[in-house]
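Listed below are the residues making up each chain.
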Amino acid sequence: MKTKKINLTITGCLGRMGQQLIKSASKDKRFKINSLTENKLQRKKILGILPKLNNSEAFKKSDVIIDFTIPKCTLEVLNIAAKQKKRVIIGTTGFTLKEENIIKKISKKIPILKAGNMSLGINLLMYLTEIASKSLGNNFLSKVFEAHHKFKKDHPSGTALMLGQGIAIGKNRNLHGIMGKKYLNKKKFPYGKKINFNSVRKGKIIGEHEVLFSSGKEIIRLNHEAFDRALYSEGALTAASWLMKKKPGLYSMRDLMNFK
């Protein structure tokens, strides 16, 4: 019996992640790219599809919309999706508290999966960081290292902050209360009672993250290295397939991976 393909809309199709999603989805037999959107009208077709603006016509025949854009665009997408009862995967970051609350409200009408990082490995690393932080207690100091390509402007990366949040959750603390120093391009950096971060920006590194705990007598390292951007788009496609069976609500990669 032939399985029905999932009709997909990819927003921000000309962006770095949009392009990567098109590449991954076109090779994935579970999906059919039904429509593509951009914030300006386009004249050039991609895989035979002419990108549209975000509107009800663009989303009409879609089962799932994958959105890696900017907050303003994401909210525009969600408002249309809510009226049409479409599922949405959000990979966009940088929402304000007010915008986060709007997303929560819309998730009462449609299934939404939102994640700051779609990599299954990074989400596992965050979970392990929480467990380690809780188990090791206050006798261990911690720090977070991350490295990315030379063009990445922000530091620490959103993922490094996510891992810092994992340490804070394990200690039952607020991250802002235990945020230490933020270093850039240091060869060595110290542990502290607060969480220190060191960011390296060089070459073409896709992403390296490491969480370290030390008691002075031993060191525990948890790390993850990304070799290919496709792991983010493939994570988003796994999320899209998983969301097909879900009722309205706000989900995370943690729900998908069945972490308690």
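Residues numbered from 1 in each chain as written. Predicted model: local features only at pLDDT ≥ 70, side-chain atom pairs only at ≥ 80, totals over all residues. Heavy atoms only, no water.

Enquirer: Even after reading the chapter, I still don't get a positive patch on the surface, so can you show me in this structure?
Expert: A contiguous patch of positive charge, built from Lys5, Lys29, Lys32, Lys52 and Lys61, is present on the exposed surface. Of note, lysine 29 is situated in the loop between α1 (16–27) and β2 (31–36). (Patch = residues over 30% accessible without salt bridge, like charges linked within 9 Å, V, L, I, M, F, W, Y side chains within 5 Å. Areas by Shrake-Rupley, 256 points an atom, 1.4 Å probe, with all protein chains shown as cover. Salt bridge = Lys/Arg side-chain N within 4 Å of Asp/Glu carboxyl O. Lys, Arg positive; Asp, Glu negative; His and termini not counted. Charge placed at Lys NZ, Arg CZ, Asp CG, Glu CD. Helix = DSSP H or I, 4+ residues; strand = E, 2+ residues; numbered from the N terminus.)

Enquirer: Help me understand helix α7 (residues 230–243) in this model?
Expert: The periodicity of an α-helix, 3.6 residues per turn, causes residues three or four positions apart to be oriented the same way. Here α7 spans 20 Å end to end across 14 residues, near enough to the 20 Å set by a 1.5 Å rise per residue. Judged by how many residues are buried, α7 sits mostly within the fold: ten of 14 residues are covered. Residues of α7 that are buried include every one of Ala230, Tyr232, Ser233, Gly235, Ala236, Leu237, Ala239, Ala240, Ser241 and Leu243, and no others. (Expected span 1.5 Å × (residues − 1). Buried < 20%, exposed > 50% of the residue type's maximum accessible area, 1.4 Å probe, protein only.)

Enquirer: Honestly, the state of the cysteines in this entry has me stumped. Any pointers?
Expert: Enumeration according to the criterion identifies zero disulfides in this entry. Unpaired in this structure, cysteine 13 has its nearest cysteine sulfur neighbour in cysteine 73, at a distance of 11 Å. Cysteine 13 sits in the buried class, given a relative accessible area of 0%. (Disulfide = S-S within 2.5 Å.)

Enquirer: Teacher, can you tell me more about the sheet that holds strand β1 (residues 6–10) here?
Expert: Two strands in a sheet stick together by hydrogen bonds in their backbones, pointing the same way (parallel) or opposite ways (antiparallel). Ordered by their spatial adjacency, six strands build an open sheet running β2-β1-β3-β4-β5-β11, and the pairing between neighbours is parallel. Because the sheet does not close on itself, it has two edges, and the strands there are β2 and β11 (249–251). The average angle at which neighbouring strand axes cross in this sheet is 25°, direction not considered. Here strand β3 (residues 64–67) runs beside strand β4 (residues 87–90); their pairing, made up of four bridges, is parallel. When the bridges of β4 are listed, isoleucine 66 appears paired with isoleucine 89. Running at roughly 170° to β3, helix α3 (residues 71–84) makes contact with β3, β4 and β5 (111–114) of the sheet. The strands touched by α7 are β1, β2, β3, β4, β5 and β11; relative to β4, the strand with the most contacts, the crossing angle is about 155°. (Pairing = 2+ DSSP bridges. Axes fitted to C-alpha atoms, helices over the stretch in contact; angles between N-to-C directions. Contact = heavy atoms within 4.5 Å.)

Enquirer: Just to check I follow, could you spell out helix α4 (residues 97–106) for this structure?
Expert: Within α4 the residues assigned to the buried category are Glu99, Ile103 and Ile106. Relative to the axis of α4, the buried residues are bounded by an arc of 65° and lie together on one face. Opposite the buried face of α4, at more than 90 degrees from it, the exposed residues are Leu97, Lys98 and Lys105. Looking at the buried side of α4, the elements it contacts are α3, β4, β5 and β11. (Arc of directions from axis to C-beta.)

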